[in-house]
Amino acid sequence: MGFDAQGFLDRYAGAYNDRDPEGMRTFFDLSDERFAVFEDFTGDLIDGDAYSAMLEAAFDATGRMSFELLRCDDFGGISVLHAIQKIAFEDEEEGIGEARIRATLWVKTGEEVPRVVSAHFSAVPSAADGCTPDGCGCAGHFGDG
């Protein structure tokens, strides 16, 4: 049986929604010396120790996470997932909103339990940024333009 990318993302979102930082850590190979996460929001390349500490913030999170899988490519023991991470939140002053984040995850799949070894998270450009969904790739369209 092959790697179930959407199931992997759904289980990860479930750990976040359950406010389970320890459960979230099981999705990342934090001890792998190659582990790295780059988040455009901070501009920092984050190692396993720092990212493990950051996951603790999920305990206090208020949003609900889900993923829209755009594409998964298998390279024999590693899969690259391209997805839109959505976090829906409700704010008393702002109302209901949704953060949309581009997520690219490199997942080691050649082991018993698939785990992320590297990731890149960035904001989805808005139409106001001059990005259009007619083939540029930034709005979730891959080669259909």
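See the structure printed just above.
Values in this document were obtained by computation on a predicted structure and should not be read as measured data. (Residues numbered from 1 in each chain as written. Predicted model: local features only at pLDDT ≥ 70, side-chain atom pairs only at ≥ 80, totals over all residues. Heavy atoms only, no water.)

Student: Please give an account of the pattern of salt bridges that cites residues and values.
Tutor: Counting across every chain of the model gives 7 salt bridges. Arg-25 is paired through a salt bridge with Glu-56; the nearest N and O atoms lie 2.8 Å apart. Taken as a pair, Arg-25 in helix α2 (residues 21-25) and Glu-56 in the loop between α3 (48-55) and β3 (64-74) lie far apart in primary sequence, 31 residues in all. Relative accessible area serves as the criterion here: at 41%, Glu-56 is assigned to the partly exposed category. (Salt bridge = Lys/Arg side-chain N within 4 Å of Asp/Glu carboxyl O. Helix = DSSP H or I, 4+ residues; strand = E, 2+ residues; numbered from the N terminus. Buried < 20%, exposed > 50% of the residue type's maximum accessible area, 1.4 Å probe, protein only.)

Student: Which residues make up the environment of Leu-81, and what are the values?
Tutor: Relative to the assigned elements, Leu-81 resides in strand β4 (residues 78-91). Beyond its immediate sequence surroundings of up to four residues, Leu-81 is in contact with Phe-3, Ala-5, Phe-8, Leu-9, Leu-69, Arg-71, Cys-72, Ala-103, Thr-104, Leu-105 and Val-107. (Contact = heavy atoms within 4.5 Å.)

Student: Can you explain helix α1 (residues 5-17)? Please cite residues and give values.
Tutor: Compared with the 18 Å implied by 1.5 Å per residue over 13 residues, the 18 Å span of α1 between its first and last C-alpha is a close match. For α1, every residue scored as buried is listed here: Ala-5, Gly-7, Phe-8, Leu-9, Tyr-12, Ala-13, Ala-15, Tyr-16 and Asn-17. Where the residues of α1 are buried, they touch α2, α3, β3, β4, β5 (95-108) and β6 (115-123). Taken from the residues just after α1, Arg-19 is the one with a positive phi, measuring 55°. (Expected span 1.5 Å × (residues − 1).)

Student: So what's going on with the pairing of β4? Which residues, and what values?
Tutor: Residues in a regular strand project their side chains so that they alternate between the two faces of the sheet. When β3 meets β4, the two strands line up antiparallel, connected through 10 bridges. Looking across to β4, one finds that Arg-71 is bridged to His-82. Relative to β5, β4 runs antiparallel, the two being bridged by 14 bridges. If you follow Leu-81 over to β5, its bridge partner there is Leu-105. (Pairing = 2+ DSSP bridges.)

Student: Give a detailed account of empty space enclosed by the protein, specifying residues and quantitative values.
Tutor: Where empty space is left becomes clear once a probe the size of a water molecule has been rolled over the atoms. Overall, the coordinates contain 1 cavity of 30 Å³ or more when judged by the stated rule. Computed from the structure, the largest cavity encloses a volume of approximately 60 Å³. Lining the largest cavity, in full, are Phe-8, Leu-9, Tyr-12, Phe-27, Phe-28, Phe-67, Leu-105, Val-116 and Phe-121. When residues in the lining of the largest cavity are grouped by element, the largest group, 3 residues, is from α1. Residue classes in the lining of the largest cavity are distributed as 9 nonpolar, no polar and no charged. (1 Å grid on protein atoms, 1.4 Å probe; cavity = no way out; pocket = protein on both sides within 12 Å on 5 of 7 lines; lining within 4 Å. Points joined across faces, edges and corners; volume = space filled by probe spheres on them. Nonpolar A, V, L, I, M, F, W, Y, C, P; charged D, E, K, R; others polar.)

Student: I'd like a rundown of the sheet that holds β4, residues and numbers included.
Tutor: Paired through backbone hydrogen bonds, the strands of a sheet run either parallel or antiparallel to each other. Read across the open sheet, the 6 strands follow the order β2-β1-β6-β5-β4-β3; overall the sheet is mixed. Edge positions in the sheet fall to β2 (44-46) and β3, since each of these pairs with one other strand and no more. For this sheet, the mean angle separating the axes of adjacent strands, direction not counted, is 20°. Those strands touched by α1 are β3, β4, β5 and β6, and its axis lies near 155° from that of β3. This element, α3, spans β1 (36-39), β2 and β6 of the sheet and lies at about 90° to β2. (Axes fitted to C-alpha atoms, helices over the stretch in contact; angles between N-to-C directions.)

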